[in-house]
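Residue strings, one per chain:
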Amino acid sequence: MTFIPRLLAAGLAAALSTAATAQDNITAAYDEGGRYFTEDDIPTFNVAEDGTVDWLTFSGFRRYHSECHVCHGPDGEGSTYAPALKKSALSMDYYDFVNVVVNGRVNGNSVMPHFGDNRNVMCYLDDIYVYLKARGTDAVERGRPAKKDAKSDEIAEAEHACMG
Amino acid sequence: MKKLTLLTSGIALCTASMAMANDDLVAKMNDPKQWVIQTGDYKNQRYSELDQINADNVGKLQVAWTFSTGVLRGHEGSPLVIGDTMYVHTPFPNIVYALDLANEGKIIWKYEPRQDPDVIPVMCCDTVNRGVAYADGKIILHQADTKIVALNAETGAVEWEAVNGDPSIGETNTATVLPVKDKVIVGISGGEFGVQGHVTAYDLATGERLWRAYSVGPDDQLLFDPEKTTALGRPVGPDSSLNSWEGDQWKIGGGTTWGWYSADLEENLFYYGSGNPSTWNPAQRPGDNKWSMTIFARDIDTGVAKWVYQMTPHDEWDYDGVNEMILTEQEINGTERKLLTHFDRNGLGYTLDRVSGELLVAEKFDPAVNWTTGVDMDPNSDTFGRPAVVAQYSTAQNGEDVNSTGICPAALGSKDQQPAAYSPRTETFYVPTNHVCMDYEPFRVSYTAGQPYVGATLAMYPAPDSHGGMGNFIAWDNIEGKIKWSIPEKFSVWSGALATAGDVVFYGTLEGHLKAVHAGTGEELYRFKTPSGIIGNVMTYEQGGKQYVGILSGVGGWAGIGLAAGLTNPNDGLGAVGGYAALSDYTALGGQLTVFALPD
């Protein structure tokens with residue numbers, strides 16, 4: 001019943017051991033089973049030269065527009081109600097980002113709910129995160145990504161295990 | 001024996017005083033100088049007999065006075081005017097102000113409830129509230145957290161409180177209440193959180209809960225009489241809802257009731273619609289999902305349903321059926337009939353006989369509507385009353401994980417809750433509409449209590465091959481089922497309309513304009529840009545011999561979220577992205593009442 005993204009634990013360990021400040025929180029350094037990571041093992045997007053996005057970015061587009069856009073507006077652009085997450089995904093550290101989604105936060109009458117027990121969000125947290133980073137850097141335009149990688153067996157397996 | 005007589009006369013007295021309370025409210029509704037209920041009257045016509053401001057002089061309208069509500073969020077609904085007092089409400093935290101109209105709007109009292117801010121994120125699409133109600137010397141506020149509070153209209157003191165729902169499972173409130181006879185009838189929000197929708201009656205004098213009727217579930221929860229409750233003239237039979245769901249899905253089946261309510265005291269019926277079935281992924285809820293997306297006629301005293309009509313069986317697009325039911329008496333084929341007219345999110349304008357529930361007219365009120373070819377009007381057909389679904393736009397037939405494109409209207413509907421007006425002088429309905437289409441991709445979701453339960457990804461954009469705007473303001477003939485005229489608008493028209501005996505029709509725009517148009521021709525006669533976008537409803541009253549028109553500004557609601565950054569059409573290809581108007585280029589947050597009058 002734990003929905004902590006698979007890589008969070010690994011990432012934490014890496015952060016503790018190196019204590020390195022992330023110089024580049026965007027560029028994909030390697031991939032593992034269809035997921036892309038920076039040099040510091042932070043999830044990130046990958047867009048091929050012909051515009052094909054990695055599966056997680058596409059999946060993040062879908063999940064964002066199901067779970068997040070009713071407050072944060074389409075395409076991570078923000079609304080009169082809630083901030084533009086395409087900017088938050090760049091300005092916030094990955095672990096802070098995860099923490100706010102899991103636990104929520106309150107700032108007067110501006111309230112971010114906690115999604116820690118919501119599988120529809122937690123099982124796709126990395127997806128949403130990398131999609132928003134792709135939006136924030138304009139690597140992906142507004143709207144539905146036209147071309148995408150196929151869902152890898154590893155991703156499908158993890159999704160199945162998480163959604164139960 | 002003596003005791004019994006006393007008791008009986010006591011009951012008679014009590015009944016009589018309650019009847020007087022309702023008579024008092026009806027008398028006030030009939031006095032055009034006051035605006036005593038959000039919907040204008042029990043018929044939801046939003047029509048005023050006042051004619052000091054008319055088609056000839058409305059062009060000279062000026063701002064008479066303004067009032068800041070102190071809250072910067074979406075302002076839906078309108079103020080009320082009872083006697084010389086105006087009651088103004090706000091979005092969360094749901095403040096109520098009583099203003100003295102005879103004393104330059106001085107604040108007589110202010111009521112600010114304490115609510116847990118945890119309710120905020122459970123409210124889908126902004127913390128709006130569609131206003132307070134008045135009855136029997138009380139102002140009735142239905143808060144976001146579903147607490148109902150009756151305030152002494154003169155002092156603001158709390159007379160009673162009742163709790164209608166549980167925000168921790170996603171039950172919230174955005175709607176006003178219906179005060180009728182000795183009752184207060186209230187609905188519930190939370191269709192995107194798997195709430196089992198219901199409507200509940202409370203005692204106007206005490207706040208005691210009297211009955212509750214669910215939209216989905218077993219007959220005893222529905223308050224259906226399987227032999228007497230009818231759909232299109234036939235008894236619904238036992239388990240009419242349960243038979244239309246698979247397993248226990250109905251328990252999180254939606255059918256919430258957050259729209260406007262109307263009432264016919266002669267028939268002792270009240271009318272409202274139910275919202276979407278949960279989830280937005282139709283594959284997870286096979287069946288017709290009764291009685292979501294349904295028009296209900298229920299007995300005011302018992303809550304038992306007299307008739308129902310499901311407009312969109314097995315919803316595949318989120319076309320909630322909650323929009324207002326406007327009651328009129330009009331001639332059809334030479335016979336005067338009691339009618340109910342309803343502009344549904346699904347893009348069809350329905351006219352029914354409100355006594356029997358007979359379906360008379362079902363026609364598209366936006367030519368862009370393409371998900372259906374129309375409703376089967378043949379009473380002898382097996383599919384009588386059902387809309388014929390176009391396979392290309394059926395998100396159920398296309399299936400999970402398939403992106404169905406070019407569906408019109410979008411999920412926000414050809415019209416959302418923003419109420420239309422009806423002028424008996426022109427026998428015309430004036431309807432604020434959306435002109436937006438969508439791509440819709442359903443996928444599997446799991447249910448967690450109190451968490452969003454959506455299961456679809458949507459992209460919305462202005463109706464293609466049209467005027468490029470996202471709204472229209474239309475005049476509708478409910479007998480012929482035809483548009484008389486249509487005014488294109490840059491943005492969805494998210495403001496409730498007002499028609500008057502001066503042959504003027506008022507509405508607000510998302511850019512913030514209050515507009516006045518001619519009731520006969522639609523010609524624009526006046527516009528004024530208020531400080532923020534308008535999603536409130538226009539109202540009018542008379543004070544000291546002068547007619548006033550009032551409107552709340554304060555952009556928000558779904559429009560403030562979905563349209564803030566503008567829309568893009570993913571099917572237009574590169575280059576068109578960002579090509580549509582962004583609301584944030586026109587207006588910003590606000591919270592203000594603007595009141596207009598003619599110069600002295």
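Just so you know, these numbers come straight off a predicted model, no measurement behind them. (Residues numbered from 1 in each chain as written. Chains lettered and ligands numbered in written order. Predicted model: local features only at pLDDT ≥ 70, side-chain atom pairs only at ≥ 80, totals over all residues.)

*Asks:* Lay out the overall build of chain A with the relevant residues and their values.
*Replies:* Helix and strand counts for chain A come out as 7 helices and 5 strands. Each helix (α) and strand (β) of chain A, taken in turn from the N terminus, gives the series α-β-β-β-α-α-α-β-β-α-α-α. When contacts within chain A are restricted to residue pairs at least 6 apart in sequence, those whose partners lie at least 24 apart make up 61%. (Helix = DSSP H or I, 4+ residues; strand = E, 2+ residues; numbered from the N terminus. Contact = placed C-beta atoms within 7 Å.)

*Asks:* Run through the sheet that holds strand S4 (residues 85-89) of chain B, naming residues and quoting values.
*Replies:* All names here are of chain B. Taken together, the 4 strands give an open sheet; going across it, the order is S3-S4-S5-S6, and neighbouring strands pair in antiparallel fashion. Looking at which strands have only one partner, the edges of the open sheet turn out to be strand S3 (80-82) and strand S6 (106-111). When the angles between neighbouring strand axes are averaged without regard to direction, this sheet yields 20 degrees. Looking at chain direction, strand S5 (residues 96-100) and S6 are connected through 5 bridges and run antiparallel. Following the sheet pairing, Tyr97 is matched in S6 by Lys110. (Pairing = 2+ DSSP bridges. Axes fitted to C-alpha atoms, helices over the stretch in contact; angles between N-to-C directions.)

*Asks:* An account of the confidence of the model for chain A is requested, with residue identities and associated values reported.
*Replies:* Caution applies to low-pLDDT regions: their predicted coordinates should not be interpreted in detail. Scored by pLDDT, chain A has a mean of 86; 86% of the residues are at 70 or more. Taken as a whole, residues 1-22 of chain A scores under 50 in pLDDT and shows 20 contacts with residues more than four places along the chain or in a different chain. (pLDDT = per-residue confidence, 0-100.)

*Asks:* Got a sec to walk through the interface of chain A and chain B? Specific residues and values, please.
*Replies:* Listed by partner, the interface residues are 28 residues for chain A and 35 residues for chain B. Secondary structure elements with two or more residues in the side of chain A that touches chain B: helix H2 (55-72), strand S5 (110-112) and helix H5 (119-122) of chain A. Broken down by element, the residue count for the side of chain A that touches chain B peaks at 6 residues, all from H2 of chain A. Classifying every residue of the side of chain A that touches chain B by side-chain character gives 10 nonpolar, 10 polar and 8 charged. (Nonpolar A, V, L, I, M, F, W, Y, C, P; charged D, E, K, R; others polar.)

*Asks:* A description of the confidence of the model for chain B should follow, citing residues and the corresponding values.
*Replies:* Residues and elements named next belong to chain B. Across chain B, the average pLDDT comes to 93, with 94% of residues at 70 or higher. Here residues 1-14 scores under 50 on pLDDT; set against residues more than four positions off or in separate chains, the count is 0 contacts. Confidence drops under a pLDDT of 50 for residues 573-579, and excluding neighbours within four residues, the segment shows 8 contacts in the predicted structure. Reported confidence for the predicted complex is 0.78 by ipTM and 0.92 by pTM.

*Asks:* Can you break down unusual backbone geometry residue by residue, with the values?
*Replies:* Backbone phi values are negative for most residues with the exception of glycine, while trans is the configuration of most peptide bonds. Residues and elements named next belong to chain B. In the segment running from Phe92 into Pro93, the intervening peptide bond is cis, with an omega of 15 degrees. Within the fold, Pro93 resides in the loop between S4 and S5. Here the bond from Lys290 into Trp291 is cis, since omega is -5 degrees, no more than 30 degrees from zero. Note that Trp291 resides in the loop between strand S18 (269-273) and strand S19 (294-299). Residues other than glycine seldom take positive phi values, yet Asn289 does so here, at roughly 55 degrees. Along the chain, the position of Asn289 falls in the loop between S18 and S19. Of note in this structure, Asp503 is not a glycine but carries a positive phi near 60 degrees. You can see Asp503 is positioned in the loop between strand S34 (498-500) and strand S35 (504-508).

*Asks:* Any details on the sheet that holds strand S28 (residues 421-423) of chain B? Residues and values, ideally.
*Replies:* Residue and element names in this part refer to chain B. Ordered in space as S28-S29-S32-S33, the 4 strands form an open sheet in which the pairing is antiparallel. On the outer flanks of this sheet lie S28 and strand S33 (482-489), each paired with one strand and no other. Going from strand to strand, the sheet's axes swing by 20 degrees on average, the running direction of each strand aside. Two elements, strand S29 (residues 428-434) and strand S32 (residues 471-477), share 6 bridges in a ladder whose sense is antiparallel. In the strand pairing of S32, Phe429 is matched with Trp476.

*Asks:* Just give me the short version of the pairing of strand S9 (residues 147-152) of chain B, but keep the residues and values in it.
*Replies:* All names here are of chain B. Along S9, 5 of the 6 residues are buried, which leaves the element largely enclosed by surrounding structure. Looking at chain direction, strand S8 (residues 138-142) and S9 are connected through 5 bridges and run antiparallel. Residue pairing in the sheet places His142 in a bridge with Ile148 of S9. The loop that links S8 with its antiparallel partner S9 comprises 4 residues; one of these, Thr146, has a positive phi angle of about 75 degrees. (Buried ≥ 20, exposed ≤ 12 C-beta atoms within 10 Å, placed from the backbone.)

*Asks:* Kindly report on helix H4 (residues 94-103) of chain A, identifying the contributing residues and their values.
*Replies:* Residue and element names in this part refer to chain A. Every buried residue of H4 is listed here: Tyr94, Phe97, Val98 and Val101. Along the axis of H4, the buried residues cluster in a sector spanning 95 degrees; they form a single face. In H4, the exposed residues that point more than 90 degrees away from the buried face are Asp96 and Asn103. Looking one or two residues past H4, Gly104 carries a phi angle of roughly 70 degrees, positive in sign. (Arc of directions from axis to C-beta.)

*Asks:* Give a detailed account of helix H6 (residues 125-136) of chain A, specifying residues and quantitative values.
*Replies:* Because an α-helix completes one turn every 3.6 residues, residues spaced three or four positions apart along the sequence face the same direction. All names here are of chain A. Helix length check: H6, at 12 residues, gives a terminal C-alpha distance of 16 Å against a target of 16 Å (1.5 Å per residue), a fit within 8%. With 11 of its 12 residues buried, H6 lies for the most part within the structure. Regarding H6, the residues found buried are Leu125, Asp126, Asp127, Ile128, Tyr129, Val130, Tyr131, Leu132, Lys133, Ala134 and Arg135. Phi for Asp138, located one or two positions after H6, is positive at around 60 degrees. (Expected span 1.5 Å × (residues − 1).)

*Asks:* Let's hear about the nonpolar core: which residues, and what values?
*Replies:* Judged by nonpolar contacts, the single largest core of 207 residues is most densely connected at Ile140, Ile185, Tyr271, Ala497, Val505 and Phe506 of chain B. Not counting chain neighbours up to four residues away, the residues in contact with Ile185 of chain B comprise Val177, Leu178, Val180, Val199, Ala201, Tyr261 and Phe270 of chain B. (Core = buried A, V, L, I, M, F, W, Y, C linked by C-beta atoms within 7 Å.)

*Asks:* Which residues make up the pairing of strand S30 (residues 436-442) of chain B, and what are the values?
*Replies:* All names here are of chain B. Buried residues dominate S30, accounting for 7 of its 7 residues. Neither face of S30 is exposed, since Val436, Met438, Tyr440 and Pro442 on one face and Cys437, Asp439 and Glu441 on the opposite face are all buried. Relative to S30, strand S27 (residues 404-407) is paired through 2 bridges, and the arrangement is antiparallel. Looking across to S30, one finds that Ser404 is bridged to Tyr440. Here 7 bridges tie S30 to strand S31 (residues 456-462), and the two strands are oriented antiparallel to one another. Pairing of Met438 across the sheet is with Met460, part of S31.

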